[in-house]
Each structure stands twice: as structure tokens, then as C-alpha cells.
Amino acid sequence: MSRPGIRLVCLDIDGTLTDGVLGPPIPGTVEAVRRIRKGLPVRLVTNTTSVPHPALWEDLKRKGFTEDPQELVTPATVASRVLPGRGHARGILLAEPGAREDFGWFREDPKGTAVLLATEGHSLGIADLQPAFRRLFDGAAFYALQRNRYFRKRGELVTDLGPVAAFLTYASGREAENLGKPSTLLFDSVAEDAGVRRSEIVMVGDDAEFDVSASVALGMTGILVRTGKFRPEDAARFTPRPSAVLDSVADLPGWLGT
Ligand SMILES: [Mg+2]
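All figures in this text were calculated on a predicted structure; none of them were measured in a lab. (Residues numbered from 1 in each chain as written. Predicted model: local features only at pLDDT ≥ 70, side-chain atom pairs only at ≥ 80, totals over all residues. Heavy atoms only, no water.)

Student: Any chance you could explain the pairing of strand E2 (residues 42-45) here in plain terms?
Tutor: Of the two faces of E2, the one holding Val42 and Leu44 and the one holding Arg43 and Val45 are both buried throughout. In this sheet, E2 lies alongside strand E1 (residues 8-11) in parallel orientation, the contact comprising three bridges. Its bridge partner being in E2, Cys10 is matched across the sheet by Arg43. For the crossover that starts at E1, traverses helix H1 (residues 29-39) and ends in the parallel E2, the hand is right-handed. Bridging between E2 and strand E3 (residues 72-73) involves two bridges; their strand directions are parallel. Residue pairing for E3: Val45 is matched across the bridge by Val73. (Buried < 20%, exposed > 50% of the residue type's maximum accessible area, 1.4 Å probe, protein only. Helix = DSSP H or I, 4+ residues; strand = E, 2+ residues; numbered from the N terminus. Pairing = 2+ DSSP bridges. Right-handed = clockwise from strand over helix to strand, strands pointing away.)

Structure (C-alpha cells):
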């Protein structure tokens, strides 16, 4: 018997299942995910933009986390599901050189209807952002793969996509629509794909603000794990509070009753 009202388990990856993007599994998590999947469908939901979907999926498969590419949800997969239907599959793409294969469906066209921000911009200069600024100024729709503030890269905290989106918003006056966690675009897309309601999702992660508190605010169950970037003060730092706090995903099957 699994926990009533929960029909889909969404798991963050970096800091929740693995120690870093493409890093080693956190102890007990591979076995836990296998056990959960016997009772409930699972999605691996990340805001990572530096590794393309196929390479990330291969890595997670090799580690034993998944057998099905559909289980891995990245902001790029959400973009590919949402933007074409809105007539926004054409325009300016700002992406990591190593992750461009995720955007084969997006036609680069300086006069297109959309600007898609898909990189934290560490390899860009201000001049590279000018075409996007001009297009936004002229009325193009603005999408950001996610709006995280910073992330940990080789042990250092560095700025993420959010500050680059803020730069373009400040200049153009146009807000970016978020395609990553914790946007309703992402969770509604995940819910529709799995045939559940958003309120029937549990989101589990190490980011107390964007994985957990924001999910609870959207009517979902949000579980914080004490792994990855978790710090003890995080459990009470954001409102609404986590639905539960667990030592790691290894404890999740017990909590779910799977
Ligand atoms: Mg994380």
C-alpha cells in the first residue's frame, strides 16, 4: 500500500540521486529508485542545461537509475513539448555548444518569434547577447530553460541562467517564462504525460527553495533530502515548509510505503 493521494514520484538528480551532474550515486539511491518504481511511476527531473538529454540519460542508465528515456525530464524536453504548439519554435537560441543537439526542433532565425535562453552564458560575451536583446525589444516571446541563481561547478559557486535572463529582462523589459523547476509549465507537462493531476505528484530534492517549497506552493507534496547542497537551516528557511525532511532518497520507499 503506497501513501494515499500520490501517483507520481519526481526525483531531482544532482545532489539527490548523484553527487554532482554525471557524478557517483549517493549511497542507497539506486536500490531505492528500483523499489519505488515497483509501486509508482518515476520521473527524474533536473534543471541541468550543460549536458544534453541523450548523454545524461545514458549516464543514469549505466548507473541503474532508469531504463526508459521518457523518465528523464529536462527543461529542454519541456521546451520541445511546449514551444512548437505556441508557434515559438523559431528565433534566437542561446545554448551551450555541447548541448545544442537538444534543440534540433528549433529553427534559428534572427527574425523568429522567440528567444530561447539555454545557457548560463559563461562562454558568451555581452556582444553575443545583443541580437537577443533587439529581438525581445521588438516583441519576441522570451523563454529561459530555468531561472536558478547559482550552482556548484568544480567546487565553486558560479552564476546560473537566472542572472542572464535578468540581464536581458532589465534591458528589454520582457520577462522570461521559466521552462524548468519549479514552473507550472514543467510540472503540468510532466503531469499530463503521466496521466496524473499536479496535486498527485511528490517532488523530492536537495534544493529547499525550488525543489521543495515551490512545489508545495503549487499544491504538490515536497520532500527535502539532507544530501547535496542541503544545509541544516534549509528545513525552516522557506515557506511553505517541506511536507517531510528525509536523510536521503534511501529513506523514500519507507516514507512512500512502496
Ligand atoms: Mg539538486
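That was the structure; now back to the text.
Student: Hey, could you run me through the domain arrangement of the chain in this one?
Tutor: Many authors give the size of an interface as the accessible area that is lost as the parts come together. The domains assigned to the chain are domain 1 (8-47 + 181-256) and domain 2 (78-178). Using only C-alpha atoms to locate each centre, domain 1 and domain 2 end up separated by 26 Å. Taken together, the contact between domain 1 and domain 2 spans eleven residues of the former and ten residues of the latter. The junction of domain 1 with domain 2 conceals about 960 Å² of combined surface from both sides, 47% of it contributed by carbon and sulfur atoms. Counting across the domain 1 and domain 2 interface gives one salt bridge. Arg149 is paired through a salt bridge with Glu209; the nearest N and O atoms lie 3.0 Å apart. Across the contact surface, domain 1 and domain 2 share five residue pairs in polar contact (both at pLDDT 80 or more). (Domains from an automatic or database assignment. Contact = heavy atoms within 4.5 Å. Buried area = accessible area lost by both parts, 1.4 Å probe. Salt bridge = Lys/Arg side-chain N within 4 Å of Asp/Glu carboxyl O. Polar contact = N/O pair within 3.5 Å; in protein donor to acceptor, adjacent residues only side chain to side chain.)

Student: What exactly am I supposed to notice about the packing of helix H4 (residues 130-137) against helix H5 (residues 161-172) here?
Tutor: Relative placement of two packed helices is described by the angle separating their axes and the distance separating the axes. Here H4 crosses H5 at 50°, and the two axes come no closer than 9 Å. When the interaxial angle is binned, H4 and H5 end up oblique. You can see that H4 and H5 cross each other, and the crossing is right-handed. Listed contacts from H5 to Ala132, Phe133, Leu136 and Phe137 of H4 are Leu168, Ala171 and Ser172. Looking at the contact of H4 with H5, its residues break down into six nonpolar, one polar and no charged. (Axes fitted to C-alpha atoms, helices over the stretch in contact; angles between N-to-C directions. Parallel < 35°, antiparallel > 145°, perpendicular 65-115°, else oblique. Left-handed = near helix turned anticlockwise from the far one by under 90°. Nonpolar A, V, L, I, M, F, W, Y, C, P; charged D, E, K, R; others polar.)

Student: For this particular structure, what's the right way to read H4?
Tutor: Three or four residues apart is the spacing at which side chains of an α-helix point the same way, because the helix has 3.6 residues per turn. For H4, the full list of buried residues reads Ala132, Phe133, Arg135 and Leu136. For H4, the buried positions fall inside an angular range of 165° around the axis, keeping them on one side. For H4, the elements touching its buried residues are strand E4 (90-95), strand E6 (114-118), strand E7 (141-144) and H5. (Arc of directions from axis to C-beta.)

Student: Explanation requested: the packing of aromatic side chains in the structure shown.
Tutor: Any pair of aromatic rings gets described here by the distance separating the centres and the angle formed by the planes. If you walk through the whole model with that rule in mind, you get three aromatic pairs. Their ring planes at 50° and their centres at 6.4 Å tell us that Phe103 and Trp105 sit as a pair that is tilted. With a relative accessible area of 4%, Phe103 lands in the buried category. For Trp105, a relative accessible area of 24% puts it in the partly exposed group. Relative to Phe106, the ring of Trp105 lies with its centre 5.7 Å away and its plane at 90°, an arrangement referred to as edge-to-face. Phe106 gets classed as buried once you look at its relative accessible area, which sits at 5%. One Lys or Arg, Arg3, reaches over the ring of Trp255 and ends 3.7 Å from the middle of that ring. (Phe/Tyr/Trp six-rings, centres within 6.5 Å; stacked < 30°, edge-to-face > 60°. Lys NZ or Arg CZ within 6 Å of the ring centre and 35° of its normal.)

Student: Where do I start with H1 in this structure?
Tutor: For H1, the set of buried residues is Thr29, Val30, Ala32, Val33 and Ile36. All buried residues of H1 fall inside an arc of 160° around its axis, so they share one side. Exposed and oriented more than 90 degrees from the buried face of H1 are Glu31 and Lys38. Buried residues in H1 make contact with E1, E2 and helix H8 (252-256).

Student: Whenever I open this one, the pattern of salt bridges confuses me. Can you help?
Tutor: Where charged atoms from two side chains of opposite charge approach closely, those side chains can pair. This model, assessed by the stated rule, comprises 19 salt bridges. Across the pair Glu175 and Arg147 runs a salt bridge, and its minimum N-O distance is 3.3 Å. Of this pair, Glu175 sits in the loop between H5 and strand E10 (177-178) while Arg147 sits in the loop between E7 and strand E8 (150-153); the two residues are 28 residues apart in sequence, bridging distant segments of the chain. Residue class for Arg147 comes out partly exposed when judged on its relative accessible area of 31%. With a shortest N-O distance of 2.6 Å, Asp247 and Arg226 are connected by a salt bridge. Placement of the pair is Asp247 in the loop between strand E13 (244-246) and H8 and Arg226 in the loop between strand E12 (221-225) and E13, with a sequence separation of 21 residues. Residue classification places Asp247 among the partly exposed residues on the basis of a relative accessible area of 46%. Through salt bridges with shared partners, one network takes in Arg7, Arg197 and Glu200.

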